[in-house]
There are 2 protein chains.
Amino acid sequence: MRIAQLSAESGVPIPTIKFYLRERLLPQGEQTSATRAEYGPSHLRRLRLIRALLEVGRLPVATIRKITEAVDDDETDVHEMLGTAHYALSPAPEPAPDDEDWRDARVMVDRLVADLGWDRVRHDAPTRDELAQALVTLRRLDMPATRDDLLLHARVADALVKEHDIKKIPFDAPRDTAVEALVICQVLYGKAFDALRRLAQESESARLFDALPAPGDAGKGPSEAE
Amino acid sequence: MRIAQLSAESGVPIPTIKFYLRERLLPQGEQTSATRAEYGPSHLRRLRLIRALLEVGRLPVATIRKITEAVDDDETDVHEMLGTAHYALSPAPEPAPDDEDWRDARVMVDRLVADLGWDRVRHDAPTRDELAQALVTLRRLDMPATRDDLLLHARVADALVKEHDIKKIPFDAPRDTAVEALVICQVLYGKAFDALRRLAQESESARLFDALPAPGDAGKGPSEAE
């Protein structure tokens, strides 16, 4: 198809498609004459992927280029290709490895990952630092996470991944499609889960307070009612 | 204590404390002379809360003022006060109620909330719209969430709230402290969970690919190279 049809089918305006071509996010079409190029289904798939990375993942163009390069390079195996997208979606933490709190937190994370049998997670995965950073902040705010807190969260995360995430990613589909599904799954189910957790909090808090006597009411403290 | 000591104990610089006083986030100290004011433990607690809302919750000053007003107003009961903080932490979605997809998604959310017995969640809770928006986006990207997807996520969120979140919030502590714990819990355990989910994904994906024959390569899995 021509660029006009590619635009119509994908819903992406022609100037935007030209921008993606210039930025090498979208491979050139097949040149059929000096002024005409033909585009195929792989271009449509790529446009969908770019939109998912831009609009859902909110990744910068330079990061998207790294991901599309991994998708295009057949030497990169599927696991590594997905890993590239995966790590690109991690908000980069700023590790302070000279700091003792940070080192302690990172040790806690590494021990947790090992104990859970997640030993195939790369040692330099930015995700480890990201978790360590949350732990450092919790400790500095005098609400340190215990090992039980972490184990509970990890068990629950593991269940969601095994029962949901892994099933949503079509590993045998075209490479574009698998990465697109990973990004969508990651970002949107992340948001959905977050909203559900807050809904559950509101519900539980209302239930709890409903069962409580009003303050000043016969000297009862709020949590005595449990 | 004087402002200098308040600064030393809280780690908040004097000019910043003066800014919080001007912005009415921090109540005035007790005026002991024309140029001197005394501050107490409630000011220390308030400073901690402000830092948590600013640095952890990344909320704008105007929103923080709304929350501190709810904390200061004893007429506001604890559940409502926590709700104010809770809703302030919701990223405001942009509902498009004229849109059919959006209406369908919102119906799906309301039905889910009812079926889960979360019927004390306010009908106008922004969290409902937030979840609806994630559903609309998933549908537009051709990866619609099924009711089972949602139920799985909701069940897991509910377990985390009951086994963790509710226990972390000291409902009978000073009002400042309860709100501070809610915000910290909300934001930092949200981040920690997100990181754990990505660690579990990486682990599961590596396991899966290890077990898969590499394309065209008699039985070799990608992650064997490690």
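Residues numbered from 1 in each chain as written. Chains lettered and ligands numbered in written order. Predicted model: local features only at pLDDT ≥ 70, side-chain atom pairs only at ≥ 80, totals over all residues.

Draft legend 1. Representation of the overall build of chain A. The helix and strand tally for chain A stands at 9 helices and 2 strands. Overall, chain A shows an N-to-C arrangement of helices and strands of α-α-β-β-α-α-α-α-α-α-α. Against the globule reference of 17 Å for 226 residues, chain A gives a C-alpha radius of gyration of 24 Å, more extended than a compact globule. For chain A, the C-alpha atoms occupy an extent of roughly 85 × 40 × 30 Å along the three principal directions. Taking all 226 residues of chain A together, the buried fraction comes to 40%. Restricting to contacts in chain A with at least 6 residues of sequence separation, those with at least 24 account for 56%. (Helix = DSSP H or I, 4+ residues; strand = E, 2+ residues; numbered from the N terminus. Rg over C-alpha atoms; globule rule 2.2 N^0.38 Å. Buried ≥ 20, exposed ≤ 12 C-beta atoms within 10 Å, placed from the backbone. Contact = placed C-beta atoms within 7 Å.)

Draft legend 2. How the structure looks around the pairing of strand β1 (residues 30-33) of chain A. Residues and elements named next belong to chain A. Two strands pair when backbone bridges link them, and β1 and strand β2 (residues 36-38) are joined in this way by 3 bridges, in the antiparallel orientation. Of the residues in β2, the one forming a bridge with E30 is E38. As consecutive antiparallel partners, β1 and β2 are separated by 2 residues. (Pairing = 2+ DSSP bridges.)

Draft legend 3. Structural detail: the interface of chain A and chain B. With 66 residues of chain A at the contact, the number on the chain B side is 66 residues. Residue assignment for the side of chain A that touches chain B shows that the elements contributing at least two residues are α3 (41-56), α5 (78-89), α7 (126-140), α8 (147-168) and α9 (175-210) of chain A. Residue contributions to the side of chain A that touches chain B peak at 24 residues, all from α9 of chain A. For the side of chain A that touches chain B, the class distribution of residues is 36 nonpolar, 14 polar and 16 charged. (Nonpolar A, V, L, I, M, F, W, Y, C, P; charged D, E, K, R; others polar.)

Draft legend 4. Just the relation of the copies chain A and chain B, in detail. When chain A is fitted onto chain B, the two copies agree to an RMSD of 0.0 Å after a turn of 180 degrees and an axial shift of 0.0 Å. The symmetry that links the two subunits is that of a two-fold axis. The position closest to the rotation axis in chain A is occupied by the C-alpha of V156 of chain A, lying 3.2 Å away. With an isologous cut-off of 70% or more, the 95% of interface residues of chain A that recur at the interface of chain B puts this contact in the isologous class. (Least-squares fit on C-alpha atoms with pLDDT ≥ 70 in both.)

Draft legend 5. The arrangement of the nonpolar core in detail. One finds V179 and V183 of chain A together with V179 and V183 of chain B to be the most contacted residues of the largest nonpolar core, which totals 124 residues. Sorting elements by how many residues they give to this core places helix α9 (residues 175-211) of chain B first, with 18 residues. Once residues lying within four places of it in the same chain are set aside, the contact partners of V183 of chain A are A52, L53, V56, G57, A85 and L89 of chain A. (Core = buried A, V, L, I, M, F, W, Y, C linked by C-beta atoms within 7 Å.)

Draft legend 6. Highlighting helix α4 (residues 61-72) of chain B. All names here are of chain B. A rise of 1.5 Å per residue sets the reference length of α4, with its 12 residues, at 16 Å; its end C-alpha atoms lie 16 Å apart and thus fit the reference within 8%. All of the buried residues in α4 are I64, I67, T68, A70 and V71. Each buried residue of α4 lies within a common arc of 155 degrees when the element is viewed along its axis, so the set occupies one face. (Expected span 1.5 Å × (residues − 1). Arc of directions from axis to C-beta.)

Geometric descriptors of this kind do not, in isolation, establish any biological role.
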